[in-house]
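# Structure at a glance
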Amino acid sequence: MPADMKLTQGADYRDWLVSIKSRIHAARMKIALSANGELIALYYELGAQITERESTAQWGTGFIDAFSKDLKASFPDVGGFSAKNLRYCRAFFRFYCDTAIWQQAVAKLASDPWAGMDPELVQHIAQIPWGHHIQIFSRCSDLAEAAFYIGQTLEQGWSRDVLAMQLKSRLYDRAGKAVTNFSRTLPAPQSDLAQQTLKDPYTFDFMSMTAPYNERDVERQLTRHITHFLLELGKGFAFIGRQYHLEIAGNDYYIDLLFYHVTLKCYVVVELKNRKFIPEYAGKLNFYLSAVDSLLKRDDDEPTIGLLLCRDKNNIEVEFALRDMNKPMGVSEYSLMETLPDNLKAALPTVEEIERDLKQLPKKDPGEEEL
C-alpha cells in the first residue's frame, strides 16, 4: 500500500483533518460575520448621510435617484446601491437613531458608526443579514420590539421567511403572555425561562379545519404538520408522542401531546381542548404532571411543565384555577384556520355569479349626487 494511502487511512490523520476543517469553517464564519458587520455599518452611515443631506442641502427630492446612479457607475461590481436600497438605508438609520441626537450622530459617524446606541444591540445588529433588517425595521414599532426579533433570529437561526412569518403572527405580543403559576411552582431563573417559553395565543394557521371537529382531529393535524407545530412552539421542544400512554393503578391514561424541552431540561405535557377553559381542566393536567414526574422524569430532570391549550379563556378564571395547583402549568388560547363544510360551500355564490348579479344592478342616474 502506498505511503500516502496509509497516511489518509490512519486515525491520527483523520482526526487532524477534522480539526483543520472545523478551524477553516470557523474562520470562514468569522470572516463572513465581520464582512456582514461592515456592510450593515456602511448602510447605517449611508442612511445617516442621506438624512443629513435631505435636511441641509437644497438638492431636491430626487437626489437619491441621482446618488444611486453615480454610486453604481463608480462601483459597477458592488450591489446594494439601488435607489430602493438607499431609501431602505435611510429608513434603517431613522429607525435606530433617536431623532433628538441624529445630527450629533452624523457628525460622529467617521469615528463611531453607531454613536449613541446600546453596544449590545449594535453587536447583535451587526450579525443579522441585511434582508432580515429590512423585515424588522419595516414592521416593528419601536426598538424594544426590534431587539426582540433580532435576538430571536440569532438564538433560533431564523431564515428570512421564518422571520417574516413570526413578524406577521405578532410573536412579540404573544411571547411570555400565557397565564401560569410558574413564579410560585418553579425556582428562579427556571420560572422566568419557562414563562418566556410559552405564548398566548398560539396560532396554528398552517393547517385548516372543517367544522365540526374535536381535540383528536386537532392533534392529528398538529402531528401531521409537526415541523410547523414545533416552529410555533419555539426552539427547544422535542416531540415525544401523541396520545402517550400511561398506566396508573391498573388504569390507562393518554396524554394528548408529550414533549421534552432540551433547554428547560424537563418534560412538557400539552393538553388540547376544543372549547373554552373550565377549572376542571387544570385538575386533570395537574394529575398528568404528577404521573409524568413519577413515571418518566429522571433524577436530573427539572419538574414537568403543563400547557393547556383552549379555544377561549377568561384570564381571571384561569388565575383562580391555577392558584392552588402545586404543579407548574400555563393556559393559552389557540387559533386555527377554519374552512366551511362542503354543504355550505355549495350554497355560496361563485365569483362569476356575483359579478353577473352586479352587472344586472340598475345604473345610477347621471344627475344623482354622491353621498
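Here the residue numbers are simple positions, counted from 1 along each chain's written sequence. For a predicted model such as this one, the threshold for reporting local features is a pLDDT of at least 70, and the threshold for listing and counting side-chain atom pairs is 80 or more; totals across whole chains, interfaces and linings nevertheless cover every residue. Only hydrogens and water are set aside; all other atoms, that is, all heavy atoms of the structure, feed into the side-chain values.

### What about the overall build of the protein?
- From N to C terminus, the protein includes 18 helices and seven strands.
- Working rule for contacts: check all heavy atoms of both residues, and any pair within 4.5 Å makes them a contact. Pairs at least 24 apart in sequence give 64% of the contacts found in the protein among residues at least 6 apart.
- Here the Shrake-Rupley method, with its probe set to 1.4 Å, supplies the accessible areas, and only the displayed protein chains count as covering residues. For the protein, the accessible surface area stands at approximately 21600 Å², while carbon and sulfur atoms represent 53% of it. Put simply, DSSP marks the helices as runs of H or I at least four residues long and the strands as runs of E at least two long, and each gets a number from the N terminus on.

### A word on the nonpolar core
- Nonpolar cores were defined as sets of buried Ala, Val, Leu, Ile, Met, Phe, Trp, Tyr and Cys residues, with membership established by side-chain atoms within 4.5 Å. Residue burial is assigned from relative accessible area. The probe radius is 1.4 Å, only protein chains are included, and a residue is buried under 20% of its type maximum, exposed over 50%, and partly exposed in between. Within the largest apolar cluster, 40 residues are counted, with the highest numbers of intra-cluster contacts made by Phe-92, Tyr-96, Trp-114, Ile-125 and Tyr-149.
- Sorting the residues of this core by element identifies helix H2 (11-56), helix H3 (63-74), helix H4 (83-96), helix H6 (119-125), helix H7 (130-139), helix H8 (143-156) and helix H9 (160-168) as the ones contributing at least two each.
- Those residues in contact with Ile-125 that sit more than four places away from it in its chain are Ile-40, Phe-92, Tyr-96, Trp-114, Met-117, His-133 and Ile-150.
- Ranked by size, the runner-up nonpolar core spans 24 residues in total, among them Leu-186, Leu-272, Leu-307 and Leu-336.

### A look at the pattern of salt bridges
- Within this document, salt bridges are pairs made up of a side-chain nitrogen of Lys or Arg and a carboxyl oxygen of Asp or Glu, the two lying within 4 Å of each other. Applying the stated criterion across every chain yields a total of twelve salt bridges.
- With a shortest N-O distance of 3.4 Å, Arg-242 and Glu-219 are connected by a salt bridge. Residue Arg-242 is found in strand E3 (residues 237-248), and its partner Glu-219 is found in helix H13 (residues 215-224); the two are separated by 23 residues along the sequence.
- What emerges from the salt-bridge pattern is a single network uniting Glu-54, Arg-90 and Arg-94.

### Here's the deal with the packing of aromatic side chains
- For Phe, Tyr and Trp, where Trp contributes only its six-membered ring, two rings pair if their centres lie within 6.5 Å, and the inter-plane angle classes them as stacked under 30 degrees, edge-to-face over 60, or tilted in between. Taken as a whole and assessed by the stated rule, the structure comprises 22 aromatic pairs.
- When the centroid spacing of 5.9 Å and the interplanar angle of 50° are considered together, the rings of Trp-130 and Phe-137 count as tilted. Per residue, the accessibility class of Trp-130 equals that of Phe-137, and both read buried.
- A ring pair is formed by Tyr-260 and Tyr-267, whose centres lie 5.1 Å apart and whose planes are at 85°; its orientation type is edge-to-face. Tyr-267 matches Tyr-260 in its accessibility class, with the two residues each being buried.
- Members of the aromatic cluster, connected to one another through ring pairs, are Tyr-43, Tyr-44, Tyr-88, Phe-92, Phe-93, Phe-95, Tyr-96, Trp-130 and Phe-137.
- The criterion for a charge sitting over a ring is simple: Lys NZ or Arg CZ within 6 Å of the ring centre, and within 35 degrees of the ring normal. Over the ring of Tyr-334 we find Arg-311, and its NZ or CZ is 5.2 Å from the ring centre.
- One cation-aromatic arrangement involves Arg-323 over Phe-320; the distance from NZ or CZ to the ring centre is 4.4 Å.

### Quick look at the packing of H7 against H8
- Axis definition: a line fitted to C-alpha atoms, over the contacting stretch in the case of helices. Angles run 0 to 180 degrees between N-to-C directions. Between H7 and H8, the shortest axis-to-axis distance is 9 Å and the interhelical angle comes to 155°. For the element pair H7 / H8, the angle class is roughly antiparallel. Taken as a pair, H7 and H8 cross one another with a handedness that is right-handed. Contact residues: H7 offers His-132, His-133, Ile-136 and Arg-139, while H8 offers Glu-145, Ala-146, Tyr-149, Ile-150 and Thr-153. Any angle between 65 and 115 degrees counts as roughly perpendicular, while under 35 counts as roughly parallel, over 145 as roughly antiparallel, and the rest as oblique. Here is the rule for handedness: rotate from the far helix to the near one, and if that takes an anticlockwise turn smaller than a right angle the crossing is left-handed, while a clockwise turn gives right-handed.

### Observations regarding the pairing of E3
- Criterion used throughout: strands pair if DSSP finds at least two bridges between them. As paired elements, E3 and strand E4 (residues 251-261) share ten bridges and run antiparallel to each other. Bridge pairing links Tyr-244 to Ile-255 in E4.
- Adjacent in sequence and paired antiparallel, E3 and E4 are bridged by two residues, among which Ala-249 carries a positive phi angle near 55°.

### A word on H13
- Glu-215, Val-218, Glu-219, Gln-221 and Leu-222 are the residues of H13 that are buried. With its buried residues spanning 170° around the axis, H13 presents them on a single face. By construction, the arc corresponds to the directions joining the helix axis to the C-beta atoms.

### A look at the confidence of the model for the protein
- Every residue gets a pLDDT, meaning the predictor's confidence in that residue, from 0 to 100. Scored by pLDDT, the protein comes out at a mean of 82, with 75% of its residues at no less than 70.
- Segment residues 343-348 is flagged for pLDDT under 50; beyond a separation of four residues in sequence, or across chains, it makes three contacts in the model.

### A few points about the side chain of Gln-190
- If you trace the backbone, Gln-190 turns up in helix H12 (residues 190-197).
- Residue classification places Gln-190 among the buried positions, given a relative accessible area of 11%.
- When near neighbours in sequence (up to four residues on either side) are disregarded, Gln-190 contacts Leu-264 and Glu-302.

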